[in-house]
Amino acid sequence: MIRSILYATDLGLYASYVLQHALAMSRSFKADLYVVHAVEPMGLFAESVLQTYLDEETLGELRRNGLSTVMASIEQRVLEGFRDELGDAQQDLELIRAVRVLQGDPPAMILEEAQKLGVDLLVVGSHSHGADLAVPLGRTAARIVQLSEAPVYLVPMLQHRGHGDL
């Protein structure tokens, strides 16, 4: 029985397509839907730029409070984007129990959140929007399929259809 679903999104070009699959599954099973978006940690270059322009105290404050504020802002924007996207189907928005934006290695963050929530199914796209067609499965999707304790519903991306590559 599927009671809860985690939809992992990269917020890319095909995210709405994968969202429609997640919502359909959620409706079909009358399951709670959780949304997670993982953000790569700040790189060394960005960190060094901040160190150049900010004093240590300000940088520390940014690390402590700024990041959580930015993450909360992204969560709110994701939810607003869903509202706009769903248009007349606002009742589907009620299926979404929470939107989380997490910083860290995407596959690790998604799997950690799935385990924390104890979801029964993960929904992910096969590739991010900029993926190479020669790669059969994107890095994040491959890691999730390999390591997930819950079943994974893998949505093929539109740009990969009809190419006849087997």
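The sections below set out a description of the structure shown in this document. All of these numbers come straight from a predicted model, not from anything done at the bench. (Residues numbered from 1 in each chain as written. Predicted model: local features only at pLDDT ≥ 70, side-chain atom pairs only at ≥ 80, totals over all residues. Heavy atoms only, no water.)

1. Section: the packing of helix 4 (residues 106–117) against helix 5 (residues 139–147)
The description of two helices packed together rests on the angle between their axes and the distance between the axes. At a minimum axis separation of 9 Å, helix 4 and helix 5 run at an interaxial angle of 40 degrees. Here helix 4 lies oblique to helix 5, going by the angle between them. Helix-helix and strand crossings are classified by hand; for helix 4 and helix 5 the assignment is right-handed. In contact with Pro-106, Pro-107, Ile-110 and Leu-111 of helix 4, helix 5 contributes Arg-139, Thr-140, Arg-143, Ile-144 and Leu-147. Looking at the contact of helix 4 with helix 5 residue by residue, the classes come out as six nonpolar, one polar and two charged. (Axes fitted to C-alpha atoms, helices over the stretch in contact; angles between N-to-C directions. Helix = DSSP H or I, 4+ residues; strand = E, 2+ residues; numbered from the N terminus. Parallel < 35°, antiparallel > 145°, perpendicular 65-115°, else oblique. Left-handed = near helix turned anticlockwise from the far one by under 90°. Contact = heavy atoms within 4.5 Å. Nonpolar A, V, L, I, M, F, W, Y, C, P; charged D, E, K, R; others polar.)

2. Concerning the nonpolar core
The biggest cluster of nonpolar side chains holds 25 residues, and the ones touching the most others in it are Ile-5, Tyr-7, Leu-23, Leu-33, Phe-82, Ile-96 and Val-123. At the level of elements, strand 1 (4–8), helix 1 (15–29), strand 2 (32–39), helix 3 (56–86), strand 3 (96–103) and strand 4 (121–125) are the ones that each hand at least two residues to this core. Broken down by element, this core gets its largest block of residues, seven residues, from helix 1. Discounting residues that sit within four places of it in the chain, Leu-23 has contacts with Leu-33, Leu-86, Asp-92, Leu-95 and Ile-96. In this structure, Val-36, Met-109, Leu-122 and Val-124 belong to the second largest nonpolar core, which totals 15 residues. (Core = buried A, V, L, I, M, F, W, Y, C linked by side-chain atoms within 4.5 Å. Buried < 20%, exposed > 50% of the residue type's maximum accessible area, 1.4 Å probe, protein only.)

3. Describing the pairing of strand 4
Taken across its five residues, strand 4 has five buried, putting it largely inside the fold. Of the two faces of strand 4, the one lined by Leu-121, Val-123 and Gly-125 and the one lined by Leu-122 and Val-124 are each fully buried. Two elements, strand 1 and strand 4, share three bridges in a ladder whose sense is parallel. The residue bridging Tyr-7 from the neighbouring strand is Val-123, located in strand 4. (Pairing = 2+ DSSP bridges.)

4. Some words on the pattern of salt bridges
In total, this model carries six salt bridges according to the counting rule given. Two residues, Asp-92 and Arg-27, come together in a salt bridge whose shortest N-O distance is 2.7 Å. With a gap of 65 residues between them, Asp-92 in the loop between helix 3 and strand 3 and Arg-27 in helix 1 connect regions that are remote in the sequence. Measuring nitrogen to oxygen at the nearest pair gives 2.5 Å for the salt bridge that ties Arg-139 to Asp-105. With Arg-139 in helix 5 and Asp-105 in the loop between strand 3 and helix 4, this residue pair connects regions lying 34 residues apart in the sequence. Linked by salt bridges that have partners in common, Arg-100, Glu-113 and Lys-116 make up one network. (Salt bridge = Lys/Arg side-chain N within 4 Å of Asp/Glu carboxyl O.)

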